[in-house]
Amino acid sequence: MSAAYLEKLNTEQRLAVEYGVGQVAGPLLVIAGAGSGKTNTLAHRVAHLIVNGADPRRILLMTFSRRAASEMSRRVERICGQVLGAKSGIMVDALEWAGTFHGIGARLLREYADQIGLSPDFTIHDREDSADLMNIIRHELGFSKKESRFPTKGTCLAIYSRTVNSERPLDEVLKASFPWCATWDAQLRQLFAAYVEAKQKQNILDYDDLLLYWAQTASVSTLADDMGGRFDHVLVDEYQDTNRLQSSILLALKPGGRGLTVVGDDAQSIYSFRAATVRNILDFPKAFSPSADIITLDRNYRSTQTILAAANGVIDLASERFTKNLWTERQSAERPQLVSVRDETDQARYIVERVLENRETGTLLKQQAVLFRTSHHSGPLEVELTRSNIPFVKFGGLKFLDSAHIKDMLAVLRFAQNPRDRVAGFRLMQLLPGVGPSSAQRVLDQMAEKTDPIAALAEIPVPPRAGEDWMGFVQTLQQICAGRAAWPAEIEQARLWYEPHLEHIHEDASMRQADLLQLQQIAAGYPSRERFLTELTLDPPDATSDQSGVPLLDEDYLILSTIHSAKGQEWKSVYMLNVVDGCMPSDLGVGSTAELEEERRLLYVAMTRAKDNLHLVVPQRFFTHGQNAQGDRHVYASRTRFIPATLLQYFECIAWPLARSSAAGQSEQPKMRVDIGARMRGMWQ
Ligand code: ATP
Ligand code: MG
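Residues numbered from 1 in each chain as written. Chains lettered and ligands numbered in written order. Predicted model: local features only at pLDDT ≥ 70, side-chain atom pairs only at ≥ 80, totals over all residues.

> Please set out the overall build of the protein chain residue by residue, giving values where relevant.
Within the protein chain, the secondary structure is distributed over 29 helices and 17 strands. What you see for the protein chain is a C-alpha radius of gyration of 27 Å, in line with the 26 Å of a compact globule of 685 residues. Each principal axis of the C-alpha atoms in the protein chain carries an extent, and together these give about 75 × 70 × 55 Å. The buried share among the 685 residues of the protein chain stands at 46%. Taking the intrachain contacts of the protein chain between residues at least 6 apart in sequence as the baseline, contacts between residues at least 24 apart amount to 76%. (Helix = DSSP H or I, 4+ residues; strand = E, 2+ residues; numbered from the N terminus. Rg over C-alpha atoms; globule rule 2.2 N^0.38 Å. Buried ≥ 20, exposed ≤ 12 C-beta atoms within 10 Å, placed from the backbone. Contact = placed C-beta atoms within 7 Å.)

> Hey, could you go over the site of ligand 1 for me, with residue numbers and the actual values?
Taken together, 18 residues form the shell around ligand 1, and within it Gly 37, Lys 38, Thr 39, Asn 40 and Tyr 301 come nearest. In terms of residue count, the dominant contributor to the shell around ligand 1 is helix α3 (residues 38-51) (3 residues). Residues of the shell around ligand 1, tallied by class, amount to 3 nonpolar, 10 polar and 5 charged. If you count residues domain by domain, the shell around ligand 1 takes at least three from each of domain 1 (4-107 + 218-297) and domain 3 (305-397 + 548-655). (Near = placed C-beta within 6 Å. Nonpolar A, V, L, I, M, F, W, Y, C, P; charged D, E, K, R; others polar. Domains from an automatic or database assignment.)

> Lay out α3 with the relevant residues and their values.
Its 14 residues place the ends of α3 20 Å apart at the C-alpha level, agreeing with the 20 Å of an ideal helix rising 1.5 Å per residue. Of all the 14 residues making up α3, 13 are buried; the element is thus mostly covered by neighbouring parts of the structure. Remark: Gly 53 follows α3 within two positions and exhibits a positive phi of approximately 100°. (Expected span 1.5 Å × (residues − 1).)

> Could you give an account of the nonpolar core, with specific residues and numbers?
Residues Val 30, Val 46, Leu 61, Val 76 and Trp 214 are the most contacted members of the largest nonpolar core, which totals 118 residues. Counting residues in hydrophobic clusters, the runner-up holds 59 residues, among them Ile 351, Val 574, Leu 603 and Met 607. (Core = buried A, V, L, I, M, F, W, Y, C linked by C-beta atoms within 7 Å.)

> Give me the lowdown on the UniProt feature "binding site: ATP" (unreviewed entry) in the protein chain, citing residues and values where you can.
In this structure's numbering, the residues bearing the UniProt feature "binding site: ATP" (unreviewed entry) are Ala 32, Gly 33, Ala 34, Gly 35, Ser 36, Gly 37, Lys 38 and Thr 39. The topology assignment puts Gly 33 in the loop between β1 (28-32) and α3. When residues no more than four places from it in sequence are discounted, the contact partners of Gly 33 are Asp 265, Ala 267, Asn 300, Thr 323 and Leu 326. When you line up the elements, Ser 36 lands in the loop between β1 and α3. Setting aside anything within four residues of it in sequence, one finds Ser 36 in contact with Leu 297, Asp 298, Arg 299, Asn 300 and Leu 326. (UniProt positions renumbered as here; feature names shortened; annotations may be inferred.)

> Could you give an account of the sheet that holds strand β7 (residues 260-264), with specific residues and numbers?
As summarised here, the arrangement of the 6 strands in space is β3-β2-β6-β7-β1-β8, forming an open sheet in which the pairing is parallel. Looking at the sheet topology across the chains shown, the edges are occupied by β3 (98-99) and β8 (293-297). (Pairing = 2+ DSSP bridges.)

> Lay out the pairing of strand β9 (residues 337-341) with the relevant residues and their values.
Most of β9 is tucked away: 4 of the 5 residues are buried. Alignment of β9 against strand β17 (residues 652-655), held across 4 bridges, turns out to be parallel. When the bridges of β17 are listed, Val 339 appears paired with Ile 654.

> Quick rundown of the sheet that holds strand β10 (residues 368-372)? Include the residues and the values.
Strand order in the open sheet formed by 7 strands is β11-β12-β10-β13-β14-β9-β17, and the pairing between neighbours is parallel. Each having just a single partner strand, β11 (392-395) and β17 make up the two edges of the open sheet. Across the sheet, the mean angle from the axis of one strand to that of its neighbour is 20°, orientation sign disregarded. Here 5 bridges tie strand β13 (residues 571-576) to strand β14 (residues 610-619), and the two strands are oriented parallel to one another. Residue Trp 571 lies in a different strand from β14, and its bridge partner there is Ala 610. (Axes fitted to C-alpha atoms, helices over the stretch in contact; angles between N-to-C directions.)

> Break down the domain arrangement of the protein chain for me, citing the residues and quoting the values.
When cut into domains, the protein chain gives domain 1 (4-107 + 218-297), domain 2 (123-202), domain 3 (305-397 + 548-655) and domain 4 (401-538). Here the C-alpha centroids of domain 2 and domain 3 sit 35 Å apart.

> Describe the confidence of the model for the protein chain, with residues and values.
Scored by pLDDT, the protein chain has a mean of 86; 91% of the residues are at 70 or more. Within the protein chain, helix α28 (residues 662-668) has the poorest average pLDDT of any element, 41, and β13 the best, 98. Note that residues 626-630 has pLDDT below 50 and, in this model, 3 contacts with residues that lie over four places away or in other chains. With pLDDT under 50 throughout, residues 661-685 is counted as low confidence; its partners more than four residues away or in other chains account for 16 contacts. Scoring of the predicted complex yields 0.83 for pTM and 0.99 for ipTM. (pLDDT = per-residue confidence, 0-100.)

> Outline helix α23 (residues 467-482), listing residues and values.
Taking 1.5 Å of rise per residue, 16 residues should cover 22 Å, and α23 covers 23 Å from first to last C-alpha, within 8% of that figure. What α23 keeps buried is the set Trp 470, Phe 473, Thr 476, Leu 477 and Ile 480. Burial along α23 is one-sided: seen end-on, the buried residues are contained in an arc of 125°. Turned more than 90 degrees off the buried face of α23, the exposed positions are Glu 468, Met 471 and Ala 482. Within two residues after α23, Gly 483 carries a phi angle of roughly 70°, on the positive side. (Arc of directions from axis to C-beta.)

> Pulling in residues and values, what's your account of the packing of helix α11 (residues 207-219) against helix α12 (residues 221-229)?
Relative to each other, α11 and α12 sit at 105°, their axes nearing to 6 Å. On the basis of their axis angle, the class for α11 and α12 is roughly perpendicular. Taken together, the residues of α12 that come into contact with α11 (itself represented by Thr 217, Ala 218 and Ser 219) are Leu 223, Ala 224, Met 227 and Gly 228. The residue inventory of the contact of α11 with α12, partitioned by class, reads 4 nonpolar, 3 polar and no charged. (Parallel < 35°, antiparallel > 145°, perpendicular 65-115°, else oblique.)

Quick look at the structure:
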């Protein structure tokens, strides 16, 4: 008799779960549409492997975010529990290699550091730190003069990152994605060479290095067997959003593909701006030929038939697609709503009204989500939610760790961990009175020559104004380095030194003080400074409505999320903001057919998050951050081109408010009435 958890799966899912169990077969590709149970199948497969004797410590499971990894571990534990009972908790705790590519890369590289010429104390730069370092070097090389029109630090980093992740030559990347920078080819090469040298000297890895070093380490013949051999099974979710470097890593770990399972949906490939390529999933069988097995799933368990029909309609218009249309048994009389509203204020009001109505009838806030193309689109909604006392959590927006005071605090720990990290040192020293960029550079230059830079710090002359404060700074670093207060108590030392500086820098010091205490609490949940710094840098907590940026886990709250961060998730009700040309597709995403197709897939991803109801809201005008001389402005909008008139049959089209009295409308927005009327009439033709 088979385990009960297998009985709930359909034939294809079960095939994928039981595939080669007990004999380490593979490679296996599960390619299937949204909501067809790919992630669920992967969780069952991991559980089934464990139940059948696989060692969980030898399973490598890679997901898109740390959140997804812990959700997956919880599911695996639940499934294993049906067979193993209480023992399943212990087994799943041993599933220690579940995480993101970057997080796993960081851990493995620390282990192998000695063998590949890295110091195991390396610190990790987030994108902002990387851009800062790039900028320092731009200055040093004299490329930053305004009149030279050399690309900005952000563009330089984007070019560098794209080149590394796509494993393509620089000139090709410039031609394809940054043609306006092509004349700078020689200078960019010089800049990138210096950037790499600086990182190595300072014992720093950036995000891209975590993958690059991993790929290189795994392909060194003396290390490859060891690294690949420690995992019997390697499983990857959301494979459509991996880049070339990530597929190289898999190929290096499992050259013949034995023990390798990847799942994904080409129709949901939405990360090409991070060099992800849908070719990875499409070419998977070729990369591992001749033996790759493919399983497709075509039943959707998530959405009602009406939602699925609309989503299928949208993706049917895509120019290229591998996965086929899905079907579902979930019938519903309610079509998705395409709601025309006057502007973003009304859009916010509409959503608040629906959300509250849903809550009245028993749908928790947590079961509802508002999705948008770009983080700043949710501004007016956030105001309205706050006014209506609706708590919310925002994913994919400004991160807790992006705020200056948190970065300062983390810089103290980072600098103590790795005193060669110039970006951290540069940031901290300038907090001290009288220390500007040039003195900070000078001190860092002197430190760089010493074998024990922190010990040497006390002897280096600094501007007199820094005086006492400087000594406090040096002592704090020395104490942390010497491990006087064990982790996590050392973060308290860092805070006590840093806190008085808050008042000089920020007006809202008391609120920021509370954040620092929060950070201390978060830190207490990590086993070591190094794990804390690594994991926070790679996957920081998201911003929330309580100002502190830490999710209010036990309360009910509405989810606000960019579409990119909503990947793989589902909610009973989904509302989508600004379903208009200019936002969806974004003005920035209409340059090429490939970009436009990716925007279409984004809409498909958004629509397929909904289980029971879906509302696409179309404001007649919206606010845009103008990039021209006019500055910010309101523009008139029309329904997204991805829902042409031929698809309107799949929607219930309404204008909201349903019965606005013309007098009220007039008094609020007299100038707009004429224009709205014309647009409303034209809209649904
Ligand atoms: P996405 O493409 O959005 O990542 P997915 O293919 O990974 O979706 P899942 O998230 O695994 O799909 O599953 C979607 C929903 O369907 C979940 O609620 C899951 O519990 C449910 N589901 C999957 N398989 C079955 C099944 N055999 N019976 C009942 N429900 C199922
Ligand atoms: Mg999934």
